[in-house]
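# Inside the fold
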Amino acid sequence: MSCGALIILLTIFLSIRAVVGCRYITISDTSLSFINPYLHTYREILLSDITRVKIEVGRCVFLHIWNKQGKRNITEIALVPRKDLKEIGKIFKANNINIVN
């Protein structure tokens, strides 16, 4: 396989990953919703089902969520501005959700 073909495959892979990872969140009084505007997906989690949360900031922002059964769900939230992460943490604390470092 030539170098040009590898570059094209890498570009396609990174483009697909970017579209899949583009999510933003909305938080209401009772639920946390993940919305991908490009794929038109919507997923909702009740705040009462969440026991702890970890916000991982690196090249991308990931939200780790543990539910009452101990299952962990990792979601990339690429459309959430980094300056809003402190406010999101305050909302979790206000709902008695443990924030893990």
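Positions within a chain are numbered from 1, following the residues in the order the chain's sequence is written. In keeping with the predicted nature of the model, local features appear solely for residues at pLDDT of at least 70, side-chain atom pairs appear and are counted solely at 80 or more, and the whole-chain, interface and lining totals rest on all residues. To get the side-chain values, take all heavy atoms of the structure and skip hydrogens and water.

Time to look at the sheet that holds strand β4 (residues 50–57). We call two strands paired when DSSP finds no fewer than two bridges between them. Helix numbering and strand numbering both begin at the N terminus, where a helix is a DSSP run of H or I of at least 4 residues and a strand a DSSP run of E of at least 2. What the 4 strands build is an open sheet, ordered β6-β5-β4-β7; its pairing is mixed. Across the chains shown, the open sheet's two edge strands, defined by having one partner strand only, are β6 (72–76) and β7 (98–100). Sheet twist, expressed as the mean angle between neighbouring strand axes with direction ignored, is 25 degrees. When β4 meets β7, the two strands line up parallel, connected through 3 bridges. Counted as the bridge partner of R52 is N98 from β7. In this analysis an axis means a line fitted to C-alpha atoms, helices contributing only their contacting stretch, and an angle means the value between N-to-C directions, from 0 to 180 degrees.

Here we take up a nonpolar patch on the surface. Residues form patches when they are more than 30% accessible in relative terms and have no salt bridge. Like charges link within 9 Å. Nonpolar side chains (Val, Leu, Ile, Met, Phe, Trp, Tyr) link within 5 Å. For the area figures, the Shrake-Rupley method with a 1.4 Å probe applies, and any residue is considered shielded solely by the protein chains shown. Any carboxyl oxygen of Asp or Glu within 4 Å of a side-chain nitrogen of Lys or Arg constitutes a salt bridge here. On the surface, I8, I12, I16, V19, V20, Y24, Y38, L39 and L79 cluster together to form a nonpolar patch covering roughly 790 Å² of accessible area. In this scheme, a residue with accessible area under 20% of its type's maximum is buried, one over 50% is exposed, and one in between is partly exposed, where area comes from a 1.4 Å probe on protein chains only. Note on V19: relative accessible area 34%, which makes it partly exposed.

Once that is clear, we can look at the pattern of salt bridges. Under the defined criterion, the tally for this structure stands at 2 salt bridges. Salt-bridge contacts for E87 lead to K90; the nearest nitrogen and oxygen are separated by 3.6 Å. Here K90 and E87 lie together in helix α2 (residues 85–94), a separation of 3 residues that amounts to about one turn. Owing to a relative accessible area of 45%, E87 belongs among the partly exposed residues under this scheme.

Backbone-to-backbone hydrogen bonds pair the strands of a sheet. The strands run either parallel or antiparallel. With respect to topology, 3 strands assemble into an open sheet ordered β1-β2-β3, the strand pairing being antiparallel. Bordering the open sheet on either side are β1 (24–27) and β3 (41–46), each of which pairs with just one other strand. The sheet shows a mean angle of 20 degrees between the axes of neighbouring strands, direction not considered. Here strand β2 (residues 31–36) pairs with β3 via 6 bridges, running antiparallel. Each bridged residue has a counterpart across the sheet, and for I35 the counterpart in β3 is Y42.

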